[in-house]
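Analysis of the macromolecular model
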Amino acid sequence: MEDKRNIQIIEWEHLDKKKFYVFGVAMTMMIRVSVYPFTLIRTRLQVQKGRSLYHGTFDAFIKILRADGVTGLYRGFLVNTFTLISGQCYVTTYELTRKFVADYSQSNTVKSLVAGGSASLVAQSITVPIDVVSQHLMMQRKGEKMGRFQVRGNPEGQGVVAFGQTKDIIRQILRADGLRGFYRGYVASLLTYIPNSAVWWPFYHFYAG
């Protein structure tokens, strides 16, 4: 059987940077909007004790919708959108590192290995603090908390709006844990993503070639 795997490798200098960043962010945002409610539900199901609040994904979806409306399914979403930056930084770091390593080695395996690991290091350094804040926001429910922190309401008893909640959570993390509090799970993330990225890209280029 004829092998038709002659896939063209697009290097950094071949990219239309404007289209890459604009369309990349737009497509990622569309996907994020559609899956975020289920990310929130998954996080709450993982944190709750037994079945104290929800009996499953569908039950959680209905209860959150009834209690908080559609906005309840998007708690922490505005903060979480900042992780879009990490996705663009990942690709940019990957391509620029490949270009840098090319001055020392022409091996696609070496270039992809170093670039993949470096890209994940940069991306996770940006993503982890944002995830920590957004996950604490996901845990906020009307009148009660599921996580370590709870945002304070205003004097009229209503919730603090949008980035007011974010500032409140950030202050509480700083008071409780200092700057290190924003990097809980950072090493575990690096140990998960760096090897995966460093191995995946060489295999991709091996297959493409």
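Thresholds, definitions, all that
Each chain carries its own residue numbering, running from 1 in the direction its sequence is written. The predicted origin of the model limits local features to residues at a pLDDT of at least 70 and limits the giving and counting of side-chain atom pairs to 80 or more, whereas totals for whole chains, interfaces and linings rest on all residues. Side-chain numbers come from the whole structure's heavy atoms, not from hydrogens or water. UniProt positions are given in the numbering used here, feature names are shortened, and annotations may be inferred rather than shown by experiment. Whenever a carboxyl oxygen of Asp or Glu lies within 4 Å of a side-chain nitrogen of Lys or Arg, that contact is scored as a salt bridge. Segments assigned H or I by DSSP are reported as helices when at least four residues long, segments assigned E as strands when at least two residues long, and all are numbered from the N terminus. Whether a residue is buried, partly exposed or exposed follows from its accessible area with a 1.4 Å probe, protein chains only, as a fraction of its type maximum: under 20%, in between, or over 50%, in that order. Working definition: rings of Phe, Tyr and Trp (its six-membered ring) pair if their centres are within 6.5 Å, and the pair is stacked with planes under 30 degrees apart, edge-to-face with planes over 60 apart, and tilted otherwise. Geometry is summarised by axes, namely lines fitted to C-alpha atoms with helices restricted to the contacting stretch, and by angles between N-to-C directions that run from 0 to 180 degrees. Oblique is the label for any angle not under 35 degrees, not over 145, and not in the 65 to 115 range, which are roughly parallel, roughly antiparallel and roughly perpendicular in turn. Contacts are assigned to residue pairs that have any heavy atoms within 4.5 Å of one another. Throughout, the ten residues Ala, Val, Leu, Ile, Met, Phe, Trp, Tyr, Cys and Pro are labelled nonpolar, Asp, Glu, Lys and Arg are labelled charged, and all others, Gly among them, are labelled polar. To form a nonpolar core, buried Ala, Val, Leu, Ile, Met, Phe, Trp, Tyr and Cys residues must be joined to one another through side-chain atoms within 4.5 Å. Known as pLDDT, the predictor's per-residue confidence is scaled from 0 to 100.

An unreviewed UniProt entry annotates the chain as Solute carrier family 25 member 44 isoform X4 of Odocoileus virginianus. Its UniProt record gives the chain the following Subcellular location (unreviewed entry) comment, quoted word for word: "Membrane".

Glancing now at the pattern of salt bridges. The tally for this structure, following the rule as stated, stands at three salt bridges. In this structure, Lys63 engages Asp59 in a salt bridge whose closest nitrogen and oxygen atoms are separated by 3.2 Å. Of this pair, Lys63 and Asp59 both sit in helix 2 (residues 57-68), separated by four residues, roughly a single helical turn. A salt bridge links Arg184 to Asp177, with the nearest nitrogen and oxygen atoms 3.5 Å apart. For Asp177, a relative accessible area of 25% puts it in the partly exposed group.

Counted under the stated rule, the structure contains eleven aromatic pairs. Judged by centre distance (5.7 Å) and plane angle (85°), the ring pair of Trp201 and Tyr204 falls under edge-to-face. With a gap of three residues between them, Trp201 and Tyr204 both fall in helix 7 (residues 186-208), about one helical turn apart. We classify Trp201 as buried; its relative accessible area is 18%. Given the relative accessible area of 29%, Tyr204 is considered partly exposed. Of the aromatic side chains, those joined through ring pairs into one cluster are Tyr94, Trp200, Trp201 and Tyr204.

A few words on the packing of helix 1 (residues 17-47) against helix 2. Remark: helix 1 packs on helix 2, axes separated minimally by 10 Å, with the N-to-C direction vectors making an angle of 110°. Looking at the two axes, helix 1 sits roughly perpendicular to helix 2. Within the contact between the two elements, helix 1 uses Phe38, Leu40, Ile41, Arg44 and Leu45 and helix 2 uses Thr57, Ala60, Phe61 and Ile64. In terms of residue class, the contact of helix 1 with helix 2 is made up of seven nonpolar, one polar and one charged.

Take the nonpolar core next. With 13 residues, the main nonpolar core has Val79, Val133, Leu137, Ile169 and Ile173 as its most contacted residues. Secondary-structure elements contributing two or more residues to this core are helix 5 (108-138), helix 6 (162-177) and helix 7. Counting eleven residues, the second-largest nonpolar core is a separate cluster that includes Tyr36, Tyr54, Leu73 and Met139.

Looking now at the confidence of the model for the chain. Here the chain shows a mean pLDDT of 85. Residues at 70 or above account for 86%. Averaged pLDDT values over the elements of the chain bottom out at 62 in strand 2 (residues 144-145) and peak at 94 in helix 5. Overall, residues 154-160 carries pLDDT values under 50, and its contacts beyond four positions in sequence, including any with other chains, amount to five contacts.

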